[in-house]
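Working through the structure, step by step
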Amino acid sequence: MDRNLILAIVLSVAVIVGFQYFFQSFSPPPPPEKISESTGSPASESRKSEATLPQSDQTVQSQQQPAEVTPSPGSIKPLETSLSEPLKERTIKIDSPLYEAILSSTGGRIVSFKLKKYRVLVDAPELVNLFEPGGPDTAGPSIVLTTREDTFSDSRLTYVIDLNEKEMQLGQGRASLVVTMSAKTSLGLTIQKKFTFHAESYLIDFSFVLASESSENKNYLVSLPWKKVYRGEGDVQFAWNSVEILLNDQLKDYYFKNIKGDEEPSGKIRWAGLGDVYFFKALVFESQPANKVTLVKPANNEVAEILIRHGAVDVPAGKSVETKLGIYLGPKQRDALLAAGSDLSQALFYSTYKILDIMSEYLMAFLRFSNSGFTIFGITIPDTNNYGEDIIQLTILIKNLLIPLTHK
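These notes cover the structure that comes with them. Per chain, the residues get numbers from 1 upward, laid out in the order the sequence is written. Only residues with pLDDT of 70 or above have their local features reported here, since the model is predicted, and side-chain atom pairs are shown and tallied only from 80 upward, although totals for entire chains, interfaces and linings are computed over all residues. As a rule here, side-chain values cover all heavy atoms of the structure and leave hydrogens and water aside.

**Digging into the overall build of the protein**
Under the convention used in this document: Only runs of H or I of at least four residues qualify as helices and only runs of E of at least two qualify as strands under DSSP, and these elements are numbered from the N terminus. Under the scheme applied here, a residue whose accessible area is under 20% of the maximum for its type counts as buried, over 50% as exposed, and between as partly exposed, the area being computed with a 1.4 Å probe on protein chains only. The criterion used for residue contact is that any of the two residues' heavy atoms lie within 4.5 Å. Exposure was quantified through the Shrake-Rupley algorithm and a 1.4 Å probe, taking into account, for residues, occlusion by the shown protein chains and nothing else.
Looking only at helices and strands, the protein has 5 helices and 22 strands in total. Per-residue burial over the protein gives 47% buried out of 408 residues. In the protein, the proportion of contacts linking residues at least 24 apart, taken out of those at least 6 apart, comes to 65%. When the accessible surface of the protein is summed, it comes to about 20,600 Å², and 55% of that surface belongs to carbon and sulfur atoms.

**Digging into the pattern of salt bridges**
The condition that has to hold: We define a salt bridge as a contact between a side-chain nitrogen of Lys or Arg and a carboxyl oxygen of Asp or Glu at a distance within 4 Å.
All chains considered together, the criterion is met by 7 salt bridges. Among the ionic pairs, E244 bridges to K332, the shortest N-O distance being 2.6 Å. Placement of the pair is E244 in strand β14 (residues 242-247) and K332 in the loop between β20 (320-331) and α2 (334-340), with a sequence separation of 88 residues. Note on accessibility: E244 and K332 belong to one class, buried.

**Some remarks on unusual backbone geometry**
With a phi close to 65 degrees, D249 is a non-glycine residue in the positive phi region. Residue position: D249 is located in the loop between β14 and β15 (250-255). The exposure class of D249 is partly exposed, given its relative accessible area of 40%. Phi is positive for S342, which is not a glycine, with a value near 60 degrees. Here S342 shows up in the loop between α2 and α3 (354-372). A residue is classified by how much of its surface remains accessible, and S342, at 16% relative accessible area, is buried.

**Re the environment of K116**
Operational definition: Polar contacts here mean pairs of N or O atoms no more than 3.5 Å apart (in protein, one a potential hydrogen donor and the other a potential acceptor; neighbouring residues in sequence count only if both atoms are side-chain atoms).
Structurally, K116 is set in strand β4 (residues 109-119). Taking C-alpha positions, K116 is 6.3 Å from L127, a pair spaced 11 residues apart along the chain. Not counting residues within four places of it along the chain, the set of residues in contact with K116 comprises D95, S96, P97, L98, Y99, E100 and L127. Reaching out from K116, the side chain makes a polar contact with the side chain of D95 at a distance of 2.3 Å. From its side chain, K116 meets the backbone oxygen of S96 in a polar contact 2.9 Å long.

**Regarding a nonpolar patch on the surface**
For clarity, the cut-off: Each patch is built from salt-bridge-free residues with over 30% relative accessible area, joining like charges within 9 Å and nonpolar side chains (Val, Leu, Ile, Met, Phe, Trp, Tyr) within 5 Å.
Side chains of L363, L397, I398, L401, L402 and L405 sit close together on the surface and give an oily, nonpolar patch of about 540 Å² of accessible area. Ranked by residues supplied to the nonpolar patch, first place goes to helix α4 (residues 387-401) with 3 residues. Its location among the elements puts L401 in helix α4.

**Examining the packing of aromatic side chains**
Counted only if it meets this: Stacked, tilted and edge-to-face are the three classes assigned to paired rings of Phe, Tyr and Trp, where Trp is represented by its six-membered ring and a pair needs centres within 6.5 Å; plane angles under 30 degrees give stacked, over 60 edge-to-face, the rest tilted.
Applying the stated criterion across every chain, the model contains 11 aromatic pairs. Judged by centre distance (6.2 Å) and plane angle (15 degrees), the ring pair of F195 and F197 falls under stacked. Ring plane angle 45 degrees and centroid distance 4.9 Å describe the contact between F195 and F206, whose orientation is recorded as tilted. Pair noted here: F195 is in strand β11 (residues 189-198) and F206 is in strand β12 (residues 203-212), with a separation of 11 residues, a long-range link. Judged by relative accessible area, F195 falls into the buried class, the value being 0%.

**Remarks on the sheet that holds strand β5 (residues 127-129)**
Note the cut-off: At least two DSSP bridges between two strands are required for those strands to pair. Note on geometry: axes are lines fitted to C-alpha atoms, helical ones only across the stretch in contact, with angles between N-to-C directions running from 0 to 180 degrees.
Spatial ordering of the open sheet is given by β5-β4-β3-β2-β9, a layout of 5 strands whose pairing is mixed. Single-partner strands in this sheet number two, and they are β5 and β9 (167-169). Direction aside, neighbouring strands of the sheet carry axes that sit 20 degrees apart on average. Where strand β3 (residues 99-104) and β4 come together, 6 bridges link them in antiparallel fashion.

Structure (structure tokens):
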């Protein structure tokens, strides 16, 4: 074998090992959780500037089409319940083979979503949580209703959950679970939310029903705020924070660091979400596409936010209207995204060139194969549980395959 070839292989391995050593040594640990898991306490839905806004007792009087009115995040007020004494917060845990979710009656939202197959650090017991406990991003999802006179949010509305259990199990014969919650407001409006969790999918079916007891027809513009913690880029373990939208069947992505606050992509929106390198959480509009996404410039309170305008909803007097959508909370892993459907797999891209995408898929498949271990000819090869070692193996394999061509 040529001496230069041997030297090149040794240097390549040294560079990879060195890179892994320095990368793992100097990567900062993730921020600690602010509250314990047992509390299940949801985060505040509003920005700091919104915290002082009073709750509104105004009634909705307009029946005109509010489609041209777009709520601004700073103008959203909470809806009030019609109860003289507010109900205490209740939480319910959904435990599945893939995730552990916690729903809160306050705002009727998902306030915690831990991925059981992904850990913050390789050797650490802490699971990746897509809704940071105690953080501002527990908005899964809130509903904002806009008329020409006012804008309201259900973020502080107290819902009544239809299940009495504190914890429900998925799997072991139960493939799905439906959780329904409802609340009645002082505005004469009843909101019902329904979550359908699946044991083997990261996609949650979600719907909400608006029912009016008024003798007049009502019309609302429905918007959905979607938030995540944002602490800049380069000094956080999971960086590359971005907004990703399937707009007119084309993927559009916007990095938070480049958002100036005046961008409003509009058109046929099948899904819109917030992502980083490895994970993605999105609202999916398969049956009725949304039409506009307002990109909010990250503020000093470490929040990245988008406001998705779903469209106008007419609620006839004394009747109810149901709106269906979906929620994807999971990894940017092709099999998981393909299983969720709605072309969510487009959120995972390696380059703008098809040939590089194909090569990347095969390389990633080998790394996952090596990382999880395998059996060949009756010999069990243990898992490495270390992608640095997997990359070294891949490098040696490629070098060996290319020895004849390199020698030639």
